[in-house]
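Here is how the chains run, residue by residue.
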Amino acid sequence: MSKYLIDKFLYTVDRDPELVERYREDPAGTVAWWEAEMANTILNCIPAERTTWLSFAEEERTALAQHDHVRLFQLGAHPFLTLTLFIAMFERDHGPLEYQKAYGKAMEHITMPYPDITT
Amino acid sequence: MAELAAVVASTHHPFYYRAKTSTGADRPPFADEWVAKQTAFAETLNRAEPDVLVMVGSDHFHQLWLDNMPQFLVGKAPFFDANWYNEEREFGLPKMTLRGEEDLAAHLLRDGLDRDFDLAFSNELRIDHSITCPIIALRPEADLPIVPVYTNIFAPPMPQPKRFVQLGKALREMVESWDSDKRVAIIGTGHLSLELGGPRQFGEHGPDPEFDRKAVEWIASGDIEGCLAEVSLDSLHHPGNATHGFMDFMLMMGVAGEGAKADHVDTLDLFHTMEAYFTWYPNGAPA
């Protein structure tokens, strides 16, 4: 289980316009590519100096591949990262604030305390 | 020595720029009242005639990331580029470049370290909306040099609330011991109750109006003791999952001082969150 790696996926995709579109159009393919090629890249290091040990747990991989923001929240992904990226991908398909409200509504069964987001 | 000309604390709302600049059918119904309140707030800063702005904010996973996360960081550079692709995308924020005040930044770093605050620093910092929102709202000319001070209110584990207050108190003393004839304003932005990415987000008002009411009272009356008695890292989860941003308000209460009543207090109940604006004049209100 790696909340850190989920957050790293959301962070690196959200900040790159091409990856935002790629993840919107092909979530499973993007997650598979990212885990194979990017998961172990330290962000300010050359590719040769890669980390050797990072990978998703199956439920994390599945939640990302299914664009399942409710499950990501329950797994302890950082809610700001998930929200920002999902707004970027899906707000365009909805009226003003419609997507943001539906995003919250889909989580209304979740009660306090929320899952810990500490990495 | 430098003079602390004003202490300014507020919420930062990334949609303000769009609301302010929108016209016709795109202009939201609350825009005129919001702009009027922000304009009056901006005047409280202008009256203090500052030369330099110390800007307290928090990076939202833009340049600062979980592989290397500082708790408190001072930007020391001649310039700061500002706003990021995802802020332009979601909020319509413009690209900006602000001048830096390196001499004050160096002083804060040296003096802060000597006061046992192990401050991180950055010599190349692209700042985000936690600092540009108050610039856009309070000083849209963006003509004054700044020293950014970033706090971690975003990625646990975070420092305790009392540490934010302590840093605020120290920041004031450090500014007032800067060997300069400049007038300095310390401006910090945070949040009242706020939920982002959870079930209580984007409601008719902030997720916890009762917390907001108490928070405004603590800040306006300078009730640091009462605030610290009720607020903890654990308690801040309850008003909303992004409410740890309130700790930047607590830092600013530390700057203003125990019992310091704000000279300007204003609020605006918006959907999703409450806006709140505070100004103190430590050396008396300007004529």
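Details of the structure are given in the entry above.
Residues numbered from 1 in each chain as written. Chains lettered and ligands numbered in written order. Predicted model: local features only at pLDDT ≥ 70, side-chain atom pairs only at ≥ 80, totals over all residues. Heavy atoms only, no water.

K.L.:
Quick one: what's the story with the overall build of chain A, residue by residue and with numbers?
P.N.:
Assigned secondary structure in chain A consists of 7 helices and 0 strands. Each helix and strand of chain A, placed in order from N terminus to C terminus, yields the pattern α-α-α-α-α-α-α. The C-alpha radius of gyration computed for chain A amounts to 15 Å, which stays within 12% of the reference 14 Å derived for 119 residues, consistent with globular compactness. Projecting the C-alpha coordinates of chain A onto the three principal axes gives extents of approximately 45 × 30 × 25 Å. In chain A, buried positions account for 50% of the 119 residues. Look at the contacts in chain A between residues 6 or more apart in sequence, and 64% of them connect residues 24 or more apart. Surface accessibility of chain A: about 5800 Å² in total, with carbon and sulfur atoms responsible for 54%. Across chain A, the 11 positively charged side chains and the 19 negatively charged ones have centroids separated by 2 Å. (Helix = DSSP H or I, 4+ residues; strand = E, 2+ residues; numbered from the N terminus. Rg over C-alpha atoms; globule rule 2.2 N^0.38 Å. Buried < 20%, exposed > 50% of the residue type's maximum accessible area, 1.4 Å probe, protein only. Contact = heavy atoms within 4.5 Å. Areas by Shrake-Rupley, 256 points an atom, 1.4 Å probe, with all protein chains shown as cover. Lys, Arg positive; Asp, Glu negative; His and termini not counted. Charge placed at Lys NZ, Arg CZ, Asp CG, Glu CD.)

K.L.:
Can you lay out the nonpolar core for me, pointing to particular residues and giving the numbers?
P.N.:
A general tendency of soluble globular proteins is for nonpolar side chains to be buried together. All names here are of chain B. Counting 101 residues, the largest nonpolar core has F246 and F278 as the members making the most contacts within it. Apart from residues lying up to four places away in sequence, F246 is in contact with H191, L192, F211, A215, W218, I219, C227, V231 and L236. Ranked by size, the runner-up nonpolar core spans 39 residues in total, among them L73, L98, L125 and I136. (Core = buried A, V, L, I, M, F, W, Y, C linked by side-chain atoms within 4.5 Å.)

K.L.:
Break down the interface of chain B and chain A for me, citing the residues and quoting the values.
P.N.:
Often the size quoted for an interface is simply the accessible area lost on bringing the parts together. Facing 27 residues of chain B, the contacting portion of chain A comprises 33 residues. Interface area for chain B against chain A, summed over the two sides, is near 2600 Å², with a carbon-plus-sulfur share of 65%. Together, W65, P199 and F202 of chain B form the three largest contributors to the area buried by chain B at its contact with chain A, with a combined 23%. For the interface between chain B and chain A, the tally reads 1 salt bridge. One salt bridge in this structure joins D14 of chain A and R89 of chain B, with 2.5 Å as the shortest N-O distance. Scanning the region where chain B abuts chain A turns up 8 residue pairs in polar contact (both at pLDDT 80 or more). Looking at side-chain class alone, the side of chain B that touches chain A contains 12 nonpolar, 10 polar and 5 charged residues. (Buried area = accessible area lost by both parts, 1.4 Å probe. Salt bridge = Lys/Arg side-chain N within 4 Å of Asp/Glu carboxyl O. Polar contact = N/O pair within 3.5 Å; in protein donor to acceptor, adjacent residues only side chain to side chain. Nonpolar A, V, L, I, M, F, W, Y, C, P; charged D, E, K, R; others polar.)

K.L.:
I'd like to hear about the side chain of S2 of chain A, residue by residue, with values.
P.N.:
All names here are of chain A. Tracing the sequence through the fold places S2 in the segment before α1 (3-14). Here the side chain of S2 touches L5 through a polar contact of 2.8 Å, landing on its backbone nitrogen. Excluding residues that lie within four positions of it along the chain, S2 makes contacts with L54, S55 and E60.

K.L.:
Tell me about the environment of G168 of chain B, residues and numbers included.
P.N.:
Residues and elements named next belong to chain B. As for its position among the elements, G168 is in helix α6 (residues 161-176). Accessibility expressed as a relative area gives 0% for G168, which makes it buried. Linking G168 and I186, residues 18 residues apart in sequence, is a C-alpha distance of 9.7 Å. Ignoring any residue separated from it by four or fewer positions in sequence, one finds G168 in contact with L251, G254 and V255.

K.L.:
Describe the packing of aromatic side chains, with residues and values.
P.N.:
Inspection of the entire model under this criterion finds 27 aromatic pairs over all chains. Residues F15 of chain B and F91 of chain B carry aromatic rings whose centres are separated by 5.2 Å and whose planes lie at 90 degrees to one another, so their mutual orientation is edge-to-face. Residue F15 of chain B is located in the loop between β1 (3-11) and α1 (16-21), and its partner F91 of chain B is located in helix α3 (residues 85-91); the two are separated by 76 residues in the primary sequence. Under the relative-accessibility criterion, F91 of chain B is labelled buried at 7%. On the numbers, 5.9 Å between centres and 55 degrees between planes, the contact of F30 of chain B with W34 of chain B is tilted. Through pairs of rings, three or more aromatic residues link up here, namely Y4, Y11 and F80 of chain A together with F61, W65 and F154 of chain B. Over the aromatic face of W84 of chain B sits the side chain of R126 of chain B, whose NZ or CZ is 5.9 Å from the ring centroid. (Phe/Tyr/Trp six-rings, centres within 6.5 Å; stacked < 30°, edge-to-face > 60°. Lys NZ or Arg CZ within 6 Å of the ring centre and 35° of its normal.)

K.L.:
Help me get a handle on the pairing of strand β10 (residues 274-280) of chain B, residues and values and all.
P.N.:
Residues and elements named next belong to chain B. Extensive coverage of β10 is indicated by the burial of 7 of its 7 residues. In this sheet, β10 lies alongside β1 in antiparallel orientation, the contact comprising 4 bridges. Across the sheet, the residue bridging to V8 is T279, located in β10. Looking at chain direction, strand β9 (residues 264-269) and β10 are connected through 6 bridges and run antiparallel. (Pairing = 2+ DSSP bridges.)

K.L.:
Can you lay out the pattern of salt bridges for me, pointing to particular residues and giving the numbers?
P.N.:
Under the definition given, this model contains 23 salt bridges over all chains. Linking R92 of chain A and E21 of chain A is a salt bridge whose minimum nitrogen-to-oxygen distance equals 2.7 Å. Of the two residues, R92 of chain A sits in the loop between α6 (79-90) and α7 (98-105) while E21 of chain A sits in helix α2 (residues 17-25), which places them 71 residues apart along the sequence. With a relative accessible area of 45%, R92 of chain A lands in the partly exposed category. Linking D32 of chain B and R27 of chain B is a salt bridge whose minimum nitrogen-to-oxygen distance equals 2.9 Å. Looking at D32 of chain B, the relative accessible area reads 52%, which means it is exposed.

K.L.:
Could you give me a rundown of helix α7 (residues 209-221) of chain B, with the residues and numbers involved?
P.N.:
Residue and element names in this part refer to chain B. If you check α7, its first and last C-alpha atoms are 18 Å apart, about what 13 residues at 1.5 Å a residue would give, namely 18 Å. Every buried residue of α7 is listed here: F211, D212, A215, V216, W218, I219, A220 and S221. Buried-residue contacts for α7 involve α8 (224-230), α9 (246-256), β9 and β10. Backbone geometry just downstream of α7 places G222 in the positive-phi region, at approximately 65 degrees. (Expected span 1.5 Å × (residues − 1).)

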